Amino acid sequence: MELPNKDTILILPAVSSANVPQLAVDLLVHSFRIPFYALLDHGGLLYPFAGPREDPASLENDSAIRLPKSGIASSLEVYHNSTVTCLIQRAPTLPASRSLFISKVLLPFIQQNKFSRILLLSSTDASRRSDPGGQKVIKISLYDRSFQGISTPTILDLSRKIATLSVDEASQPEYEEYALPSRLPGSGITLPFLKAAINHNLPALSIILYAYEGDNFADAYYMAELALDALAIASPPAWTPPPSWEGVYGRKQRVGLEHGLYG
């Protein structure tokens, strides 16, 4: 699939522990009103998924009830504007299909559209970490040397900022495959994608959050802020969560005589 705008920043959420990346990217999409562009063919490598689609460009934010545009969400969706592309994976890969999904779906899409930067958001199971008192976030940067010498201030500033990041903030002169963690439980395609990014010299940055299953809305806001900071993008004046968040853990029970429940 060829997008109308080249050299945008790609934000890719991995299907991972507690679904924090999906929540964070949905928050970014709705807060910046990034419009839905298309469904991306995953070649049957993801589990089937279907549900109502919430297109932020069509939501009636001024009304008391925000209604999404009629449409079907699928396992792999593209939201796109002149600055940012969000490729949202909403279903995990089929067993033993991660490498195929990366090589047959993600890499061709990335190479065709020549993204200026790739930000992979991921999470890993906090209950299975060996150092429970350690940092909550892992940042991995694969520095793309092809950007050296470009005089555009925005690219230079972004390159310098990303080049200072590494695994667990440790100082590394170069970002090679050995710098990747050996395991990240519950992180989905994260490690194989980063290894593929190294092999194909992709300008990738990954933010990985240790997370527990449960109410992860606070983690989603935190990850969204981390993503914007890493990409040197200003936060929105106000965050706009998707309408579906209102019912994730059930709607608040209305109380009072007129509602039939006393409290």
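Our structure's up above, just so we're on the same page.
The following paragraphs examine the structure supplied in this document.

The rules behind the values
Residues numbered from 1 in each chain as written. Predicted model: local features only at pLDDT ≥ 70, side-chain atom pairs only at ≥ 80, totals over all residues. Heavy atoms only, no water. Core = buried A, V, L, I, M, F, W, Y, C linked by side-chain atoms within 4.5 Å. Buried < 20%, exposed > 50% of the residue type's maximum accessible area, 1.4 Å probe, protein only. Helix = DSSP H or I, 4+ residues; strand = E, 2+ residues; numbered from the N terminus. Contact = heavy atoms within 4.5 Å. Pairing = 2+ DSSP bridges. Axes fitted to C-alpha atoms, helices over the stretch in contact; angles between N-to-C directions. Polar contact = N/O pair within 3.5 Å; in protein donor to acceptor, adjacent residues only side chain to side chain.

### Quick word on the nonpolar core
Then, number 1: Ranked by internal contacts, the top residues of the largest apolar core, which has 36 residues, are L87, F101, L106, F109, I118 and F193.
Then, number 2: Ranked by the residues each element gives to this core, the list is headed by helix α2 (residues 98-113), at 7 residues.
Then, number 3: When sequence neighbours within four positions are dropped, the list of residues in contact with F101 reads H42, L45, L46, L76, Q89, T93, L106 and I189.
Then, number 4: By size, the runner-up hydrophobic cluster in this structure holds 33 residues, among which are I34, V137, I207 and W245.

### Describing the sheet that holds strand β9 (residues 204-211)
Then, number 1: Strands sit in the order β2-β5-β6-β1-β7-β9-β8 across an open sheet of 7 strands; the sheet is mixed. Lying at the two open borders of the sheet, with one neighbouring strand each, are β2 (36-39) and β8 (137-141). Direction aside, the axes of adjacent strands within the sheet are offset by 20 degrees on average.
Then, number 2: Pairing analysis gives 3 bridges linking β2 to strand β5 (residues 76-80), with the strands arranged antiparallel. Paired with A38 across the two strands is V78, which belongs to β5.
Then, number 3: Against the sheet, α2 contacts β1 (9-13), β5, β6 (84-89) and β7 (117-125), and its axis sits at roughly 165 degrees relative to β6.
Then, number 4: Against the sheet, helix α4 (residues 190-199) contacts β1, β7, β8 and β9, and its axis sits at roughly 150 degrees relative to β7.

### A closer look at the side chain of Q22
Then, number 1: Counting through the fold element by element, Q22 comes out in helix α1 (residues 20-31).
Then, number 2: Taking relative accessible area as the criterion, Q22 reaches 8% and is therefore assigned buried.
Then, number 3: At 3.0 Å, the side chain of Q22 forms a polar contact with the backbone oxygen of Q89.
Then, number 4: Those residues in contact with Q22 that sit more than four places away from it in its chain are P13, A14, V15, S16 and Q89.

Function-wise, these values are silent; they only describe arrangement.
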